[in-house]
Amino acid sequence: MEAKAIARYLRVTPMKARRVVDLVRGKQANEALAILQFAPQAASEPVYKVVASALANARQHADKAGVAFNEDDYYVTEARVDEGPTMKRFRPRAQGRAYRINKRTSHVSVVVGTEEKGGDQ
């Protein structure tokens, strides 16, 4: 059984978010949450929330199906960071010029599943 969660329009650059997501891809869900809780990167907090949400979604699916739920059986089978829309801002510079600043956003997708599903990748 698998479940997924998506966080869209996160105000963290995709490159920085991918560094954090790479830490937890393929790990057991509880271990991934522990890693993210103590990771020093700023992107680890929203990624933690997405992984926790995916685990909660798995619990809901198991309750709905009447299947016993054990958190230790779930792994982060898929974790992806896609680029969201970029907000374009302008910073005034010397002699009347303006430089553009790109404020990038991310879409983070996490899928948790049981061990059999995780072995496919």
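Residue indices begin from 1 for each chain and proceed along its sequence in written order. pLDDT decides what is reported in this predicted model: residues at 70 or higher carry local features, side-chain atom pairs at 80 or more are listed and counted, and totals for whole chains, interfaces and linings draw on all residues regardless. Side-chain measures here rest on the full set of heavy atoms in the structure, leaving out hydrogens and waters.

A.B. asks: In this structure, what is going on with the overall build of the protein? I would like to understand it.
C.D. replies: Within the protein one finds four helices and five strands. In this description a helix means any DSSP run of H or I spanning at least four residues, a strand means any run of E spanning at least two, and both kinds are numbered starting from the N terminus. Across the protein, helices and strands are ordered from the amino to the carboxyl terminus as β-α-α-α-β-β-β-β-α. Computed over the C-alpha atoms, the radius of gyration of the protein is 18 Å, more than 25% above the 14 Å expected from 2.2 N^0.38 for a compact globule of 121 residues. For every residue, the accessible area obtained with a 1.4 Å probe (protein chains only) is divided by the maximum for its type, and the residue is called buried under 20%, exposed over 50%, and partly exposed between those limits. Per-residue burial for the protein yields a buried fraction of 34% across its 121 residues. Any pair of residues with heavy atoms lying within 4.5 Å of one another is described as a contacting pair. Considering only contacts within the protein whose residues lie at least 6 apart along the sequence, 71% involve residues at least 24 apart. Counting every atom, the protein has about 7,700 Å² of accessible surface; 48% of that belongs to carbon and sulfur. A residue counts as positive if it is Lys or Arg and as negative if it is Asp or Glu; His and the chain ends are not included. The atom standing in for a charge is NZ when the residue is Lys, CZ when it is Arg, CG when it is Asp and CD when it is Glu. Averaging the locations of the 21 positively and 14 negatively charged side chains of the protein gives two centres separated by 20 Å. Our radius of gyration looks at C-alpha atoms and nothing else; its globule reference is 2.2 Å times the residue count to the power 0.38. Only the protein chains shown count as cover for residues, and all accessible areas are computed by the Shrake-Rupley method using a 1.4 Å probe.

A.B. asks: Before we go on, may I ask you to explain the sheet that holds strand 1 (residues 2-10) in this structure?
C.D. replies: Remark on secondary structure: sheet strands pair via backbone hydrogen bonds, oriented parallel or antiparallel. Taken in spatial order, the three strands of this open sheet run 1-5-2, and their pairing is antiparallel. The sheet terminates laterally at strand 1 and strand 2 (74-83), the two strands that pair on one side only. Strand-to-strand, the axes of this sheet are offset by a mean angle of 15°, without reference to chain direction. Only the contacting stretch of a helix is used when fitting its axis, a line to C-alpha atoms as for every element, and angles between N-to-C directions run 0 to 180 degrees. Packing of helix 3 (residues 44-65) onto the sheet brings it into contact with strand 1, strand 2 and strand 5 (106-114), and relative to strand 1 it is tilted by some 145°. Each pair of strands is called paired provided DSSP finds at least two bridges between the two strands.

A.B. asks: Any chance you could explain the side chain of Thr114 here in plain terms?
C.D. replies: Note that Thr114 resides in strand 5. With residues near it in sequence (within four places) discarded, Thr114 still touches Met1, Asp73, Tyr74, Tyr75 and Thr77.

A.B. asks: Where do I start with helix 2 (residues 29-38) in this structure?
C.D. replies: Along an α-helix, a turn takes 3.6 residues, which lines up residues three or four apart on a common side. For helix 2, the full list of buried residues reads Ala29, Ala32, Leu33 and Leu36. For helix 2, the angular spread of buried residues about the axis comes to 100°, placing them on one side. Within this analysis, the arc is defined by the directions that extend from the helix axis to the C-beta atoms.

A.B. asks: It is not clear to me how the environment of Val76 should be interpreted in this structure. Could you clarify?
C.D. replies: Residue placement: Val76 occurs in strand 2. Spatially, the C-alpha atom of Val76 lies 20 Å from that of Leu10, the residues being 66 residues apart in sequence. Setting aside residues no more than four positions away along its own chain, Val76 makes contact with Val24, Arg25, Gly26, Lys27, Ala29, Ala32, Val110, Val111 and Val112.

A.B. asks: Explanation requested: the environment of Leu23 in the structure shown.
C.D. replies: Structurally, the position occupied by Leu23 is in helix 1 (residues 14-24). Classification of Leu23 by relative accessible area gives partly exposed; the value is 35%. When the C-alpha atoms of Leu23 and Tyr9 are compared, they prove to be 21 Å apart, with 14 residues separating the residues in sequence. If we skip the residues at most four places from it in the chain, Leu23 touches Ile35 and Gln41.

A.B. asks: What is the right way to read the nonpolar core from this model?
C.D. replies: Among soluble globular proteins, nonpolar side chains are generally buried collectively. What we call a nonpolar core is a set of buried Ala, Val, Leu, Ile, Met, Phe, Trp, Tyr and Cys residues that are connected through their side-chain atoms within 4.5 Å. Formed by 27 residues in total, the largest nonpolar core has its most connected members in Val108, Val110 and Val112. Of all the secondary structure elements, the ones that give two or more residues to this core are strand 1, helix 1, helix 2, helix 3, strand 2 and strand 5. Broken down by element, the residue count for this core peaks at six residues, all from helix 3. If we ignore the near neighbours within four places in the chain, the residues touching Val112 are Met1, Glu2, Ala3, Ala54, Leu55, Ala58, Tyr74, Tyr75, Val76 and Thr77.

A.B. asks: What is the right way to look at the pattern of salt bridges in this model?
C.D. replies: In a structure, side chains of opposite charge can pair up when their charged atoms sit close to one another. In what follows, salt bridge is the name for a side-chain nitrogen of Lys or Arg lying within 4 Å of a carboxyl oxygen of Asp or Glu. All told, the structure shown has five salt bridges when counted by the stated rule. Of the charged contacts in the structure, one is a salt bridge between Glu83 and Arg104, with a shortest N-O distance of 3.5 Å. Residue Glu83 is found in strand 2, and its partner Arg104 is found in the loop between strand 4 (98-103) and strand 5; the two are separated by 21 residues along the sequence. Salt bridges sharing common partners tie together Glu78, Arg80 and Asp82.

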